[in-house]
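Here is how the chains run, residue by residue.
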Amino acid sequence: MRVAVIGAGYVGLVQAVGLAHLGNKVTLAERDPARVAEIRAGRSPIFEPGLPELLSATLADGSLVVTDSNHAAVKDAQIVFLALPTPQGDDGEADVSAIYSVADELAAVLPQDCLVVTKSTVPVGTNLEVGIRTRRPVASNPEFLREGSAVTDFMKPDRIVIGTEDRRNVDQLIELYRSIDAPILVTDLTSAEVIKYAANGYLAARVTYANAMANVCEAVGADVRDVLLGIGYDHRIGFSFMRPGPGFGGSCFPKDTRALVRLAADAGYDFSLMSGVIATNEEQFARTVAKVRDAAGGKLAGARVAVWGLAFKAGTDDVRESPAVRVIDQLMEAGADVVAFDPQASVPGIPEGGDAMSTIKGADVLLIATEWPEFQRYDLRAVATQMRGSAIVDARNLLDPIAVRAVGLSYIGVGR
Ligand code: UDX
């Protein structure tokens, strides 16, 4: 099929490359000329395993074309995907102005029967409004891609959700995804819009439950890993998305949980459960800061804190709303002398130490803030020798406490 994808951000780029790989003729439109040039040259502007290979292959065989013109992209399209950013606006509400301005811009040039599909995470009513503005059939097709495994998530999704007010629109999308083996759920537009928020809200709540449970375990002297294993064997609960840590972050959970509270409030429902998740997550950052302060002898001013990890999770260079950065900001505000290392990410204003081992030189405390597996492979004896102090705050429960203590370092984990 002939497909246009508007917006070469995370979602748009993976969607465009993925659909081209499945044999469609895809035109990806992006406003930023530097990004267009980079993608055309076969370089992925995001760190995403598997994407560079697929990008090069689809550019080479002509199934993917990249342009800076939205008009050119949609000229012959049968389906147009809107994959535009919906950043957090005032009061937690998602800002959909980018979607509406593109809908207005394209109304006059879209082919008459082409289907306009929203990929972006948008509040209730947005798709209907896109239909009014474009005067074309619309559908909602939310994405559930995780950074770091976005290509696999595209090729092997748990489900495909299609929301529409007119069943006739569904057939084209079913045809488009024909070679993907996944259940297809067809809903009305509003339900599809809510599904995306409901999924991210639930997952954020699960992570927060694990974090809160870890805090209970710290208070009573239990080991949260055993507790979570003990409940995870219950098939109603399971093991995934239950890793305690420094709090959740990233480009989706923080924004979508706030948007969910706002979406409910606008409709007259006080979603206090989700407000509690957000507040508990904020407390988790502060708890991590307090652990570092205690490990530094009760005072952060002047303490040298080495931090391993800046990305919001392992496997990505994304630092948006990263727990590591939230914690580092608080450490720096309290006067700590912070130096960080991350295998992929960097953040302006946060000093970096070159590599993992030079970063810990002379450190009073080592904080592990992102769960990069390579952090497990360093020689703990060498770590103990490089540091001035002797405390590791492992905010991701990445290291083995027994091995850490065996080299004379103290170990502070999460809930263990
Ligand atoms: C998320 C959703 O998983 C995805 O379906 C949606 O499309 C976009 O948002 P992503 O933002 O890539 O994906 O990150 P995810 O892997 O969900 O992690 C979010 C945050 O929760 C990270 O900070 C991560 O470290 C944290 N997390 C996750 C935990 O602390 N413990 C866990 O067990 C899982």
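Residues numbered from 1 in each chain as written. Predicted model: local features only at pLDDT ≥ 70, side-chain atom pairs only at ≥ 80, totals over all residues. Heavy atoms only, no water.

## What to know about the environment of I237
Consideration 1: Looking at the secondary structure, you find I237 in the loop between α10 (224-232) and α11 (253-266).
Consideration 2: Residue classification places I237 among the partly exposed positions, given a relative accessible area of 30%.
Consideration 3: In this structure the C-alpha to C-alpha distance between I237 and R206, which are 31 residues apart in sequence, comes to 9.9 Å.
Consideration 4: Here I237 is in contact with R206, I231, G232 and M242, once residues within four sequence places are set aside. (Helix = DSSP H or I, 4+ residues; strand = E, 2+ residues; numbered from the N terminus. Buried < 20%, exposed > 50% of the residue type's maximum accessible area, 1.4 Å probe, protein only. Contact = heavy atoms within 4.5 Å.)

## Section: empty space enclosed by the protein
Consideration 1: Counted under the stated rule, the structure contains three cavities of 30 Å³ or more.
Consideration 2: Approximately 80 Å³ is the volume found for the largest cavity.
Consideration 3: Around the largest cavity, the lining residues are F248, G249, P254, T257, R258, I278, N281, E282, F285, E321 and R326.
Consideration 4: If you list the elements that add at least two residues to the lining of the largest cavity, you get α11 and α12 (272-295).
Consideration 5: Looking at the lining of the largest cavity residue by residue, the class counts come to four nonpolar, three polar and four charged. (1 Å grid on protein atoms, 1.4 Å probe; cavity = no way out; pocket = protein on both sides within 12 Å on 5 of 7 lines; lining within 4 Å. Points joined across faces, edges and corners; volume = space filled by probe spheres on them. Nonpolar A, V, L, I, M, F, W, Y, C, P; charged D, E, K, R; others polar.)

## Focus on the pattern of salt bridges
Consideration 1: Applying the stated criterion across every chain yields a total of 24 salt bridges.
Consideration 2: R31 is paired through a salt bridge with E105; the nearest N and O atoms lie 2.5 Å apart. Of this pair, R31 sits in the loop between β2 (25-29) and α2 (33-40) while E105 is found in helix α5 (residues 97-107), placing the two residues 74 residues apart along the sequence.
Consideration 3: With a shortest N-O distance of 3.5 Å, R243 and E371 are connected by a salt bridge. One end of the pair, R243, is in the loop between α10 and α11; the other, E371, is in the loop between β11 (365-368) and α15 (380-386), and 128 residues separate them in sequence. (Salt bridge = Lys/Arg side-chain N within 4 Å of Asp/Glu carboxyl O.)

## Structural notes on α5
Consideration 1: Every buried residue of α5 is listed here: I99, Y100, V102, A103, L106 and A107. Down the axis of α5, the buried side of the element spans an arc of 165 degrees, and every buried residue falls inside it. (Arc of directions from axis to C-beta.)

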